[in-house]
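# Close look at the chain arrangement
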Amino acid sequence: MSASKLVRPSVDYQESFLEALAEYHEKNRYLYNDISLLKGDFKAFVKELKTEHGYPHQPYQEWVEPVQETVTWLVKDGKYIGTVDIRHRLNWHLEKWGGHIHFVIRPSMRGMGFGKKILFKAIPIANYLGIDKALLTVHPDNKAALHVIESCGGVFDDELPATDQFPARKRYWLDCT
Ligand SMILES: CC(C)(COP(=O)(O)OP(=O)(O)OC[C@H]1O[C@@H](n2cnc3c(N)ncnc32)[C@H](O)[C@@H]1OP(=O)(O)O)[C@@H](O)C(=O)NCCC(=O)NCCS
């Protein structure tokens, strides 16, 4: 059994990543990633993730300025467990609703401590990318994410109410120095 670690996306994790994607789809997440298309050319998908074209993905592309994003995967024993995306800077949308760091653990691996691990391990990467204080934004009802962010040292800043287009958000700053 190996320890969990963050890696760049790689074809080595294709099978477990696609299994996880099916789990995400069941939760209505990442529906824009079509499993059969990715299966057909996973190498191209990985290459695209590593080119750091950046955030935002669909559906905001046309009206939000893109920023570079580094994507890493949490893996353990050769299997994909979760994703952490680190945006190199903020745009107006990320300042309110996205933050610098977004993390997700595949549904079947939640509640085992990997949420804390993935965020904790992302801190030095954010630091390496030049981020001294990382913004994290989270829905006020997302108790698990709030707990992870606070456990990793996130400091509460403010709470934004829901708008017609966007959900409510609590905003936290995480020291990455
Ligand atoms: C948030 C998320 C990453 C947490 O992952 P996880 O692997 O379940 O997290 P952990 O196992 O490390 O649990 C973190 C803590 O939250 C607690 N927790 C979990 N669910 C909880 C809930 N509903 N209410 C209160 N606390 C909860 C756990 O008990 C644990 O605390 P502990 O270590 O003190 O016991 C996961 O739920 C997820 O991927 N959600 C969807 C994406 C998301 O919301 N990302 C965050 C937005 S940036």
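Keep in mind it's a predicted model, so treat the numbers as computed, not measured.

This part covers the pattern of salt bridges. Side chains that carry opposite charge are capable of pairing whenever their charged atoms lie near each other. In this structure the tally under the stated criterion is five salt bridges. The partner of arginine 87 in a salt bridge is glutamate 69, and the shortest N-O contact between them spans 2.9 Å. Of this pair, arginine 87 sits in strand S3 (residues 79-87) while glutamate 69 sits in strand S2 (residues 69-76); the two residues are 18 residues apart in sequence, bridging distant segments of the chain. A single burial state applies to arginine 87 and to glutamate 69, both of which are buried.

The full set close to the ligand counts 19 residues, and Phe103, Gly111, Gly113, Lys116 and Asn142 are the nearest of them. For the ligand, a nitrogen atom lies 2.7 Å from a polar atom in the backbone of phenylalanine 103. Between the ligand and glycine 111, the relevant distance is 2.7 Å, taken from an oxygen atom to a main-chain nitrogen or oxygen of the residue. For the ligand, whose free accessible area comes to 960 Å², the fraction covered by protein is 69%. Broken down by secondary-structure element, the contributors of at least two residues to the shell around the ligand are strand S4 (101-105), helix H5 (114-128) and helix H6 (143-151). In terms of residue count, H6 provides more of the shell around the ligand than any other element does, five residues in total. Here the residues of the shell around the ligand are counted per class, giving eight nonpolar, seven polar and four charged.

By the definition in use, this model includes 11 aromatic pairs. Aromatic side chains tryptophan 73 and tyrosine 80 sit 5.5 Å apart centroid to centroid with 90° between the ring planes, which places their arrangement in the edge-to-face category. One aromatic cluster in this structure is built from Phe17, Phe42, Phe45, Trp73 and Tyr80.

What follows is about unusual backbone geometry. Although it is not a glycine, tyrosine 30 adopts a positive phi angle of roughly 55°. Along the polypeptide, tyrosine 30 turns up in the loop between helix H1 (14-26) and helix H2 (35-40). Despite not being glycine, aspartate 77 shows a phi value in the positive range, around 50°. Residue classification places aspartate 77 among the partly exposed residues on the basis of a relative accessible area of 39%.

With that settled, the discussion passes to the sheet that holds S3. Adjacent strands of a sheet pair through backbone hydrogen bonds, lying either parallel or antiparallel. Pairing in this open sheet of four strands is antiparallel, and the strands run S1-S2-S3-S4 from one edge to the other. Each edge of the open sheet is held by one strand with a lone partner, namely strand S1 (5-7) and S4. Strand-to-strand, the axes of this sheet are offset by a mean angle of 25°, without reference to chain direction. Bridge count between S1 and S2: three bridges; the pairing is antiparallel. Bridge pairing links lysine 5 to valine 75 in S2.

Every α-helical turn comprises 3.6 residues, leaving residues that sit three or four positions apart pointing alike. For helix H3 (residues 42-50), every residue scored as buried is listed here: Phe42, Phe45, Val46 and Leu49. Around the axis of H3, the buried residues are gathered within 95° of arc, so they sit on the same side. Opposite the packed face of H3, turned more than 90 degrees from it, sit the exposed residues Lys43 and Lys47. Of the surrounding secondary structure, the elements contacted by the buried residues of H3 are H1, H2 and S2.

Read from one edge to the other, the open sheet built from three strands follows the order S5-S7-S6, with strand pairing classed as antiparallel. The open sheet is flanked by strand S5 (133-138) and strand S6 (155-160), the only strands paired with a single partner. With strand direction ignored, the average angle separating the axes of adjacent strands in the sheet is 25°. Examined bridge by bridge, S5 and strand S7 (residues 169-175) share six bridges and lie antiparallel to one another. Residue valine 138 lies in a different strand from S7, and its bridge partner there is lysine 170.

Criteria and thresholds
- Residues numbered from 1 in each chain as written.
- Predicted model: local features only at pLDDT ≥ 70, side-chain atom pairs only at ≥ 80, totals over all residues.
- Heavy atoms only, no water.
- Salt bridge = Lys/Arg side-chain N within 4 Å of Asp/Glu carboxyl O.
- Helix = DSSP H or I, 4+ residues; strand = E, 2+ residues; numbered from the N terminus.
- Buried < 20%, exposed > 50% of the residue type's maximum accessible area, 1.4 Å probe, protein only.
- Near = heavy atom within 4 Å.
- Polar contact = N/O pair within 3.5 Å; in protein donor to acceptor, adjacent residues only side chain to side chain.
- Areas by Shrake-Rupley, 256 points an atom, 1.4 Å probe, with all protein chains shown as cover.
- Nonpolar A, V, L, I, M, F, W, Y, C, P; charged D, E, K, R; others polar.
- Phe/Tyr/Trp six-rings, centres within 6.5 Å; stacked < 30°, edge-to-face > 60°.
- Pairing = 2+ DSSP bridges.
- Axes fitted to C-alpha atoms, helices over the stretch in contact; angles between N-to-C directions.
- Arc of directions from axis to C-beta.
- Contact = heavy atoms within 4.5 Å.

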